[in-house]
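Overview (structure and organization)
The chain contents come next:
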Amino acid sequence: YGGMGLDFSYNIAVAEELGNIRCAGIPMAIGVQAGMATPALTRFGSHELKKQFLVPTIAGDFVACLGISEAGAGSDVSNIKTTAVRKGDEYVINGGKMWITSGSQADWMCLLANTSQGPPHRNKSLICLPMNLPGIHVAKKIDKLGMRSSDTAQIFFEDVRVPCKNLIGEEGKGFTYQMLQFQEERLWAVATALTAMEAVIQETIDYTRQRKVFGQPVLHNQAVHFRLAELATEAELLRSLLRRAVALYVDGNDVTKFASMAKLKAGRLTREVTDSCLQFWGGMGFTSEVLVSRLYRDLRLMSIGGGTDETMLSIICKYMDILPRK
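Report follows, based on the coordinates. Not measured: the values here are computed from a predicted model. (Residues numbered from 1 in each chain as written. Predicted model: local features only at pLDDT ≥ 70, side-chain atom pairs only at ≥ 80, totals over all residues. Heavy atoms only, no water.)

1. Concerning the packing of helix H6 (residues 222-250) against helix H7 (residues 256-280)
Contact pair H6 / H7: the axes reach a minimum separation of 10 Å and the direction vectors enclose 160°. Classified by the angle their axes make, H6 and H7 are roughly antiparallel. Between H6 and H7 lies a crossing whose hand is left-handed. Taken together, the residues of H7 that come into contact with H6 (itself represented by Ala-223, Val-224, Arg-227, Leu-228, Leu-231, Glu-234, Ala-235, Leu-238, Leu-241, Arg-244, Ala-245 and Leu-248) are Phe-258, Met-261, Ala-262, Lys-265, Ala-266, Leu-269, Glu-272, Val-273, Ser-276, Cys-277 and Phe-280. Its residues assigned to classes, the contact of H6 with H7 comprises 17 nonpolar, 1 polar and 5 charged. (Axes fitted to C-alpha atoms, helices over the stretch in contact; angles between N-to-C directions. Helix = DSSP H or I, 4+ residues; strand = E, 2+ residues; numbered from the N terminus. Parallel < 35°, antiparallel > 145°, perpendicular 65-115°, else oblique. Left-handed = near helix turned anticlockwise from the far one by under 90°. Contact = heavy atoms within 4.5 Å. Nonpolar A, V, L, I, M, F, W, Y, C, P; charged D, E, K, R; others polar.)

The following block contains the structure:
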């Protein structure tokens with residue numbers, strides 16, 4: 001369908017390279033296109049759906065978005081309220097989605113909606129939803145703390161009609177399909193954040209080496225260079241976990257636990273790195289002119305988007321048999 005047919009390790013290589021972009025919004029937008037809105041369609045969609053939606057998305061002619069989160073259901077995916085009721089050969093969609101990356105410019109949405117009244121993990125389906133249909137209202141572009149180069153939208157659906165043939169895979173399997181691709185999404189996020197953190201650490205070393213305070217470079221203070229060494233060590237340990245998880249995943253293993261651990265650590269470490277480094281930049285770090293201040297804002301999303309730190313901890317506990325698995 002236009003892709004290169006390579007394994008997932010190449011996705012991670014791309015993600016690491018995209019981390020060199022001097023903001024996190026662009027890698028996130030590309031990640032939504034390549035690793036969030038399209039995997040379920042790739043794995044489970046019909047040939048007709050792939051020709052209609054996947055081919056132009058891979059070519060870059062279509063922008064895709066993922067419609068999962070709602071105002072009352074972020075990390076708690078099972079609690080979404082949007083409905084898609086089958087009427088004849090169409091679904092009639094009502095509800096709304098929140099925090100939708102690329103939502104104000106998307107050509108289509110991979111929509112998760114309730115298609116029955118059954119149990120919350122078995123009543124949801126994924127639907128390819130063209131964004132130009134009557135009844136779709138992009139309410140606003142959300143003004144955010146960070147990721148400001150990436151548009152994030154609130155969207156409402158009012159009696160939106162879409163053909164039943166736009167269903168991805170089987171009806172009622174949407175939650176399962178979505179959970180499968182979450183691991184790829186989280187590993188992608190870790191890879192982009194790792195490269196960004198290394199850039200912040202290196203630029204902080206360079207700045208503190210040339211910036212003098214009380215007659216000597218800031219870097220020559222033991223508290224500064226020891227702290228930077230600690231942060232670099234933590235980043236390298238995270239890279240080892242990422243590489244292990246990716247290798248296991250490529251070999252066909254379930255890496256939910258390791259991906260969750262990596263996502264948790266990345267969220268916390270990005271906060272630690274950007275906060276510590278910003279402090280060493282002094283007043284300059286509080287301006288919008290340097291990378292560290294931008295990533296201080298952008299990377300704060302790591303502990304929220306794609307599953308909060310608390311959600312990651314719950315998943316890890318279940319895989320450690322501390323908590324029962326659902």
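Continuing now.
2. A few points about the state of the cysteines
The full count for this structure, using the stated rule, is 0 disulfides. Cys-23 forms no disulfide, and the closest cysteine sulfur to it belongs to Cys-277, at a distance of 18 Å. In this model Cys-65 remains outside any disulfide bridge; the closest cysteine sulfur is found in Cys-110, 8.9 Å from its own. (Disulfide = S-S within 2.5 Å.)

3. Examining the layout of surface pockets
Roughly 830 Å³ of internal volume is contained in the second largest pocket. Lining the second largest pocket are 23 residues, and of these Gly-3, Met-4, Leu-6, Asn-11 and Ala-34 sit closest to its centre. Counting only elements with at least two residues in the lining of the second largest pocket, the list comes to helix H1 (8-18), helix H2 (25-35), helix H3 (39-44), helix H4 (47-59) and helix H5 (174-210). Its residues assigned to classes, the lining of the second largest pocket shows 12 nonpolar, 9 polar and 2 charged. (1 Å grid on protein atoms, 1.4 Å probe; cavity = no way out; pocket = protein on both sides within 12 Å on 5 of 7 lines; lining within 4 Å. Points joined across faces, edges and corners; volume = space filled by probe spheres on them.)

4. Re the nonpolar core
Membership of the largest hydrophobic core comes to 48 residues, with the highest contact counts inside it found for Leu-187, Leu-228, Leu-238, Leu-242, Val-273 and Cys-277. Of all the secondary structure elements, the ones that give two or more residues to this core are H1, H5, H6, H7 and helix H8 (291-298). The dominant element in this core, judged by the number of residues it contributes, is H5, at 13 residues. For Leu-228, the contacting residues outside a window of four places in its chain are Ile-201, Thr-204, Ile-205, Thr-208, Leu-219, Cys-277 and Phe-280. (Core = buried A, V, L, I, M, F, W, Y, C linked by side-chain atoms within 4.5 Å. Buried < 20%, exposed > 50% of the residue type's maximum accessible area, 1.4 Å probe, protein only.)

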